[in-house]
Amino acid sequence: MEIRNITVEDYDKVINVLNEWWGGRQMTHLLPRLFFEHFQPTSFIVEENGHLSAFIIGFVSQSDPNQAYIHFVGVHPKLRKNGVARKLYELFFEQVRLLGCNKVHCITSPINEGSIAYHKSMGFSVSLAPNYEGVGQDRILFSKDI
């Protein structure tokens, strides 16, 4: 497997599989091209034999440069539970530490039990944020000191 920083050219590769990787849920609207344009130093893609295997999209907070945020992580369904996500998270942690960060945040929906379990296993603290995205739009907040 080859791991490298994302490029704008990776956008179509990711968008073309995103909904499929999420079991048909419409997810592409959550990952606009701007992430591929502006967050390349802290976002990574994994390919094997030219095929997309996984990706992580994250950035350093503009409001608090000691904090980083992971916006989106995707792993090909056939490659889940093989350690590739953990490797991407660790690479992200390493990169943002070099940029001065000591805390990482991310969020998910309360129905995403797999994500909640995974983040707990990675040592993230977990809390419920009622109405985070508006009335009735609760989210799970993750936080980790790195």
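Residues numbered from 1 in each chain as written. Predicted model: local features only at pLDDT ≥ 70, side-chain atom pairs only at ≥ 80, totals over all residues. Heavy atoms only, no water.

We now examine helix α4 (residues 113-121). When we look at burial in α4, the residues that qualify are Ser 115, Ile 116 and His 119. Buried residues of α4 fall within an arc of 100 degrees about the axis and therefore sit on the same side. In α4, the exposed positions that point more than 90 degrees away from the buried face belong to Glu 113, Gly 114 and Lys 120. On the buried face of α4, the contacting elements are α3 (84-98), β5 (103-108), β6 (125-129) and β7 (139-145). (Buried < 20%, exposed > 50% of the residue type's maximum accessible area, 1.4 Å probe, protein only. Helix = DSSP H or I, 4+ residues; strand = E, 2+ residues; numbered from the N terminus. Arc of directions from axis to C-beta. Contact = heavy atoms within 4.5 Å.)

Let us look at the sheet that holds strand β1 (residues 2-5). Spatial strand order, β1-β2-β3-β4-β5-β7-β6: seven strands in an open sheet with mixed pairing. Strand pairing shows two members of the sheet lacking a second neighbour, β1 and β6, which therefore form its edges. Direction aside, the axes of adjacent strands within the sheet are offset by 25 degrees on average. As paired strands, strand β2 (residues 44-48) and strand β3 (residues 51-60) are joined by five bridges and run antiparallel to one another. Its bridge partner being in β3, Glu 48 is matched across the sheet by His 51. Across the sheet, helix α1 (residues 11-21) touches β1, β2, β3 and β4 (67-75), and the angle it forms with β3 is around 100 degrees. (Pairing = 2+ DSSP bridges. Axes fitted to C-alpha atoms, helices over the stretch in contact; angles between N-to-C directions.)

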